[in-house]
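# What the coordinates show
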Amino acid sequence: MRKDAITSMRNAAAVLLACAIVLLCFAWRSPAYASVSGSIELSCGIERAGEHVALAGDGYALTKVASAEIDGTSASVSYVTERAFSGIDRNWAALDGAGLRTAAHEVFAHAEKQGVKPQATAYADAAGKVTFPSLEPGLYLISRFEVVPANAEFSCDPALVGVPATIDGVLTYAVEVTPKFEHEPLTPGPGPSEGGKPADPLDQLADKVAGALGFAKTSDGMFALACAAALCAFAAVVLLLWRRRAAAPAGAHAAGSKRLDSSVSGASDASVAAKCGEAFAADCGSDSEPHTKA
C-alpha cells in the first residue's frame, strides 16, 4: 500500500512538472505586451566655439503613436498603431533612420490636422535636459511646441522614439535622445529706430514706396524731401497754366481791338459804331447780352 502511494505521488509530480514546462515554453515563445515601464530623456544643446551650450526653457510634447509588442526570444519589438494614427499606419519597426525622420514629419502634420493632444509635456531645465518618465512600451512622437526668445534661431524637427530601443541587440528601456538643432538666423524686420525710439510710420511708408520705385531705401527723410519738391513743382505748373488761362480773354479782347481799329480807319462814324458793335459781339460771344434797338 505504501508502494502505491509513492507511485501516485510520483505520477502527480510528473504531471505538475510537465504542466509547468508547457506553461514556461508558451510564455517564452509567445510575444506579449511588456509590463516594464521605460523613459525618454532629451539632451537639448548646440556646439558653439567648441563648447556645449544648453538650450534651456523650451517646451516639448510627447504623443504615443503605437504600442509595442516585445518578443523575448529574439529581443525584437513590433508595433500596433494607435487609433488616432490609424490613417497613416505602417510597419514602424522596418523603418531605418531616414524613414523614421520622414515619417516623423508626416505623423506631426497628421496630429496637428486631427487635433491629437499630446500625452505629456515637459520643459528643458538649465542643463537642457527633458525627461518623460513612466512610459509604457511603444513608439512616441516628440516635438517642440514652445520656444524661448534666446533659442529662436535654432530649429528642431519632430522625432519618433521607440521604448524600448534595441542597442547592440539588447533592449534598453531608459532611452536617451540628442535632438539635432539647425541654426537659422532670424530675418530682421521693422523694429525700433536709432536711440531705441519706435520707427516713424512715415519713414517706413517712404521706404516701401522707394523700394517699389526701384530707388534705394532711406530712413533719414531724404525721400520725404524729394516728395515735397515734386509736389512744389506740380503746384507751380498748375499755377502757371491757370495764369495763362486767365490771361487768354484779355489777349482776345486786345486782338479784337486791333481788328476794330483797322476796320474803321476809312469809315464814317455810323459805320464805325456798327462795326464796333459787331466786333464786340463776335469777341464776347455768349458772354454779351443782345442789345435791343429803341
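Residues numbered from 1 in each chain as written. Predicted model: local features only at pLDDT ≥ 70, side-chain atom pairs only at ≥ 80, totals over all residues. Heavy atoms only, no water.

### Details of the pairing of strand 8 (residues 138-146)
Within strand 8, 7 of the 9 residues are buried, which leaves the element mostly enclosed by the surrounding structure. Pairing of strand 4 (residues 59-71) with strand 8, which is carried by 6 bridges, proceeds in the antiparallel orientation. Of the residues in strand 8, the one forming a bridge with Tyr 60 is Arg 144. (Buried < 20%, exposed > 50% of the residue type's maximum accessible area, 1.4 Å probe, protein only. Helix = DSSP H or I, 4+ residues; strand = E, 2+ residues; numbered from the N terminus. Pairing = 2+ DSSP bridges.)

### Notes on the pattern of salt bridges
For the structure on display, the rule yields 5 salt bridges. Ionic pairing is found between Arg 144 and Asp 58, a salt bridge with its closest N-O pair at 2.9 Å. Linking Arg 144 in strand 8 with Asp 58 in the loop between strand 3 (51-54) and strand 4, this pair joins segments that are 86 residues apart in sequence. The closest approach of N and O atoms between Glu 106 and Arg 90, which form a salt bridge, is 2.7 Å. On the criterion of sequence distance, the pair formed by Glu 106 in helix 2 (residues 97-114) and Arg 90 in the loop between strand 5 (76-81) and helix 2 is long-range, its members being 16 residues apart. Among the residues examined, Glu 106 registers a relative accessible area of 35% and is labelled partly exposed. Residue Arg 90 is classed as partly exposed on the basis of its relative accessible area of 29%. (Salt bridge = Lys/Arg side-chain N within 4 Å of Asp/Glu carboxyl O.)

### Considering the nonpolar core
In terms of nonpolar packing, the biggest core is built from 22 residues, with Ile 40, Leu 42, Tyr 60, Leu 62, Val 130, Phe 132 and Phe 181 touching the most fellow members. Those elements that provide at least two residues to this core are strand 1 (38-43), strand 4, strand 7 (129-135), strand 8, strand 9 (154-156), strand 10 (159-163) and strand 13 (174-177). When residues of this core are assigned to their parent elements, the largest contribution, 3 residues, is made by strand 7. Those residues in contact with Ile 40 that lie beyond four places of it in its chain are Leu 62, Val 130, Thr 131, Phe 132, Leu 135, Tyr 140, Ile 142, Val 161, Val 163, Val 175 and Val 177. Core analysis: the next-biggest nonpolar cluster, separate from the first, contains 16 residues, Val 65, Ala 68, Val 77 and Tyr 79 among them. (Core = buried A, V, L, I, M, F, W, Y, C linked by side-chain atoms within 4.5 Å. Contact = heavy atoms within 4.5 Å.)

### Thoughts on unusual backbone geometry
Looking along the chain, the bond that leaves Val 163 and enters Pro 164 is cis, with omega of 0°. In this structure, Pro 164 sits in the loop between strand 10 and strand 11 (165-167). Even without being glycine, Ser 134 reaches a positive phi, approximately 50°. On the secondary structure map, Ser 134 appears in strand 7. Even without glycine at this site, Asp 168 takes up a positive phi of about 55°. The residue Asp 168 is located in the loop between strand 11 and strand 12 (170-172) in this model.

### What to know about the sheet that holds strand 7
With respect to topology, 3 strands assemble into an open sheet ordered 7-1-13, the strand pairing being mixed. Either end of the sheet is taken by a strand with one partner, and the two such strands are strand 7 and strand 13. The mean angle between the axes of side-by-side strands here comes to 15°, regardless of whether they run parallel or antiparallel. Bridge count for strand 1 against strand 7 is 5 bridges, and the pairing is antiparallel. Bridging across to strand 7, Ser 43 finds its partner in Lys 129. (Axes fitted to C-alpha atoms, helices over the stretch in contact; angles between N-to-C directions.)

### Observations concerning the environment of Gly 45
By secondary structure assignment, the location of Gly 45 is in strand 2 (residues 45-48). On a C-alpha basis, the gap between Gly 45 and Leu 55 in space is 4.9 Å, while along the polypeptide they are 10 residues apart.

### A closer look at the side chain of Thr 63
Relative to the helices and strands, Thr 63 resides in strand 4. Every residue in contact with Thr 63, bar those within four places of it in the chain, is listed here: Phe 85, Val 116, Lys 117, Pro 118, Gln 119, Leu 139, Tyr 140 and Leu 141.

### Brief notes about the confidence of the model for the protein
Looking at the protein, pLDDT values average 76 and 58% of them are 70 or higher. Here residues 262-268 scores under 50 on pLDDT; set against residues more than four positions off or in separate chains, the count is 4 contacts. Low confidence marks residues 286-294, where pLDDT is under 50. Its contacts with residues over four positions away, or in another chain, come to 1 contact. (pLDDT = per-residue confidence, 0-100.)

### Notes on the side chain of His 110
You can see His 110 is positioned in helix 2. Using a relative accessible area of 15% as the deciding quantity, one classes His 110 as buried. Side-chain polar atoms of His 110 contact the backbone oxygen of Ala 84, separated by 3.0 Å. Look past the residues within four positions of His 110 in its chain and what remains in contact with it is Ala 84, Phe 85 and Ile 88. (Polar contact = N/O pair within 3.5 Å; in protein donor to acceptor, adjacent residues only side chain to side chain.)

### Quick notes on the environment of Ala 127
Position of Ala 127 among the secondary structure elements: in the loop between strand 6 (120-123) and strand 7. As a C-alpha pair, Ala 127 and Cys 44 span 83 residues in sequence and 8.0 Å in three-dimensional space. With sequence-adjacent residues up to four places away left out, Ala 127 is seen in contact with Cys 44 and Ala 54.

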